[in-house]
Amino acid sequence: MTNPTLLILPGDGIGPEVMAEVRRIIDWFGAKRGLAFDVTEDLVGGAAYDVHGVPLSDETMAKAQEVDAVLLGAVGGPQYDTLDFSLKPERGLLRLRKEMDLFANLRPAQCFDALADFSSLKPEVVAGLDIMIVRELTSGVYFGEPRGIFEEGNERVGINTQRYTESEIDRVARAAFELAKKRAGKVCSMEKANVMESGILWREVVQKVHDESYPEVELSHMYADAGGMQLCRWPKQFDVIVTDNLFGDLLSDVAAMLTGSLGMLPSASLGAPMANGRPKALYEPVHGSAPDIAGQGKANPCACILSFAMALRYSFDQGDEATRLEKAVETVLADGVRTADLMQAEGGAPASTRQMGDAVLAALDASL
Ligand code: IPM
Ligand code: MG
């Protein structure tokens, strides 16, 4: 039997540093759990632009279509700010999402007990928090046409278009209901049906999918602004939240911060099943490239490590091994190992990226 294949795209900023730790974790699963992967590495974002003049080469795009799963670090950096829009690092990531048709972006926001004090909210509001945001990832205002900056009379006008088809809403709603069935059985759908026609359609289609196929799941609807407010007021009222591309971008950052640090949050972007039954899939931390700390060995690798745990669960049917890795991270945090992002002002010297990786590997060893 051939090994499953992984394409690793470390990208920019802290991407390569955190991915180096993930490589060690992947090797651990190969050596200690008989889960060997065939890993190839390639360029995305500014790193690809520097070499190829584009943020994602056609060759890399083709490879991404062929592998069992893609693991991405982060893209972007201030040195690329003045590039033409089509060449910006972010376009590399957006091309992967669009061409792989990764319509369901799973962003869990879980509060590790050891970090409940780190949230800007009161510990009792976030302790034990476990919600899943399902963000539509291939449509909406991110991709809708017409778009651009145009001349109109004696001034310019910037245009983007929010556009959703029924089938696009239908498929992401199904993904959310399927997840809810394996969790607490609740879905809250968020849009702005009070001001946007696309929101009216969104609400209608989500309700229809529910009534026809998932009556056992509890469905509620909320305007996205109120949803943001409720996320900060009492986040534990939610189980699965399903929302569009732009609202999902915003709300998932809000939800992430509830948990104390963006440095802890993984994500999975899933598409339709491939010939081998596995979904098209890309896994990436929710945090960005953090250019201010890049190259200093300070970054927290946990979000990227936990993204690999999601890959074990959603691409490779290794739920128990995913749980093993998540538990290892939890143990390390409970033991007080802290990268700089997880420290209060008064704390001692923070752990480096490498030390955090070492600690997770030691916890994995101890789990055997
Ligand atoms: C995210 C990021 C991206 C997005 C950027 C880097 C294009 O903010 O994944 O949340 O806006 O989707
Ligand atoms: Mg974002």
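The name an unreviewed UniProt entry assigns to the chain is 3-isopropylmalate dehydrogenase, from the organism Rhodovulum iodosum. Database annotation for the chain, UniProt heading Subunit (unreviewed entry): "Homodimer." Regarding the chain, the relevant UniProt record gives this comment under Function (unreviewed entry): "Catalyzes the oxidation of 3-carboxy-2-hydroxy-4-methylpentanoate (3-isopropylmalate) to 3-carboxy-4-methyl-2-oxopentanoate. The product decarboxylates to 4-methyl-2 oxopentanoate."

Residues apart from glycine generally show negative phi values, whereas peptide bonds are mostly found in trans. Following E145, the chain continues into P146 via a peptide bond in cis, with omega recorded as 0°. In this model, D101 sits at a positive phi of 55°, which is unusual for a non-glycine residue. Structurally, D101 is set in the loop between helix 4 (89–99) and strand 4 (104–110). Classification of D101 as partly exposed rests on a relative accessible area of 31%. Of note, the phi angle at D317 is positive, near 55°, even though the residue is not glycine. Note on placement: D317 falls in the loop between helix 10 (302–314) and helix 11 (319–334).

Under the counting rule described, the total for this entry stands at zero disulfides. Take C111: it sits in no disulfide, and the sulfur closest to it among the cysteines is that of C302, at 14 Å. C111 supplies the cysteine sulfur nearest to C232, a cysteine that is in no disulfide, at a spacing of 14 Å. The class for C232 is partly exposed, based on a relative accessible area of 39%.

Next up on the list: the environment of C304. Relative to the helices and strands, C304 is located in helix 10. For C304, a relative accessible area of 1% corresponds to the buried category. Each C-alpha atom, one on C304 and one on T40, is 17 Å from the other, the two residues being 264 residues apart in sequence. Leave out the neighbours within four places in its chain, and C304 touches V18, M19, V22, L72 and P285.

The next point concerns the packing of helix 1 (residues 15–33) against helix 10. In the contact formed by helix 1 and helix 10, the axes pass within 9 Å of each other and the chain directions differ by 40°. Between helix 1 and helix 10, the angle falls in the class oblique. Here helix 1 runs over helix 10; the crossing is right-handed. Here helix 1 contributes V18, M19, V22, I25, I26 and F29 to the contact with helix 10, which in turn contributes C304, I305, F308 and L312. Partitioning the contact of helix 1 with helix 10 into residue classes produces ten nonpolar, no polar and no charged.

A few words now on the pattern of salt bridges. Using the criterion set out here, one finds 22 salt bridges in the structure. Between D170 and R174 there is a salt bridge whose closest N-O contact spans 2.7 Å. Residue D170 and its partner R174 are both found in helix 6 (residues 166–181); the two are separated by four residues, about one turn of the helix. Relative accessible area serves as the criterion here: at 23%, D170 is assigned to the partly exposed category. Across the pair R324 and E321 runs a salt bridge whose closest N-O atoms are separated by 2.8 Å. With R324 and E321 both in helix 11 and three residues apart, this pair spans about one turn of that helix. For the pair R324 and E321, a shared accessibility class is recorded, and that class is buried.

Here we come to the sheet that holds strand 11 (residues 266–273). Strand order in this open sheet of ten strands is 2-1-3-12-11-4-5-10-8-9, and the pairing throughout is mixed. Looking at which strands have only one partner, the edges of the open sheet turn out to be strand 2 (38–41) and strand 9 (218–223). Neighbouring strand axes in the sheet, compared pairwise and without regard to direction, differ in orientation by 20° on average. In this fold helix 4 packs onto strand 1 (5–11), strand 3 (69–74), strand 4, strand 5 (130–136) and strand 12 (279–285), with an angle of close to 155° to the strand it touches most, strand 12. Seen against the sheet, helix 7 (residues 197–213) touches strand 5, strand 8 (186–191), strand 9 and strand 10 (240–243) and runs at an angle of roughly 175° to strand 9.

Here we take up the UniProt feature "binding site: substrate" (unreviewed entry) in the chain. Those residues carrying the UniProt feature "binding site: substrate" (unreviewed entry) are R97, R107, R135 and D225 in this numbering. Separation in sequence by 129 residues is matched in space for these annotated residues, since their most distant C-alpha atoms are 25.7 Å apart. Mapped onto the fold, R97 is located in helix 4. Accessibility expressed as a relative area gives 6% for R97, which makes it buried.

Let us look at the environment of L342. If you trace the backbone, L342 turns up in the loop between helix 11 and helix 12 (353–366). Taking C-alpha positions, L342 is 27 Å from L93, a pair spaced 249 residues apart along the chain. When neighbours within four sequence positions are excluded, L342 is seen to be in contact with L115, F118, S261, M264, N300, L333 and M356.

This part is about the nonpolar core. Among the nonpolar cores identified, the biggest contains 90 residues, and M264, F308 and L325 are the most heavily contacted of them. In terms of residue count, helix 10 provides more of this core than any other element does, nine residues in total. When residues of this core are assigned to domains, at least three map to each of domain 1 (1–103 + 265–368) and domain 2 (130–258). With residues up to four places along the chain from it excluded, the contact list for M264 reads F112, L115, N300, C302, A303, L306, V329, L333 and L342. The next biggest cluster of nonpolar side chains, apart from the first, holds 15 residues, and it includes L7, V44, A64 and V67.

Cut-offs and rules
- Residues numbered from 1 in each chain as written.
- Chains lettered and ligands numbered in written order.
- Predicted model: local features only at pLDDT ≥ 70, side-chain atom pairs only at ≥ 80, totals over all residues.
- Heavy atoms only, no water.
- UniProt positions renumbered as here; feature names shortened; annotations may be inferred.
- Helix = DSSP H or I, 4+ residues; strand = E, 2+ residues; numbered from the N terminus.
- Buried < 20%, exposed > 50% of the residue type's maximum accessible area, 1.4 Å probe, protein only.
- Disulfide = S-S within 2.5 Å.
- Contact = heavy atoms within 4.5 Å.
- Axes fitted to C-alpha atoms, helices over the stretch in contact; angles between N-to-C directions.
- Parallel < 35°, antiparallel > 145°, perpendicular 65-115°, else oblique.
- Left-handed = near helix turned anticlockwise from the far one by under 90°.
- Nonpolar A, V, L, I, M, F, W, Y, C, P; charged D, E, K, R; others polar.
- Salt bridge = Lys/Arg side-chain N within 4 Å of Asp/Glu carboxyl O.
- Pairing = 2+ DSSP bridges.
- Core = buried A, V, L, I, M, F, W, Y, C linked by side-chain atoms within 4.5 Å.
- Domains from an automatic or database assignment.

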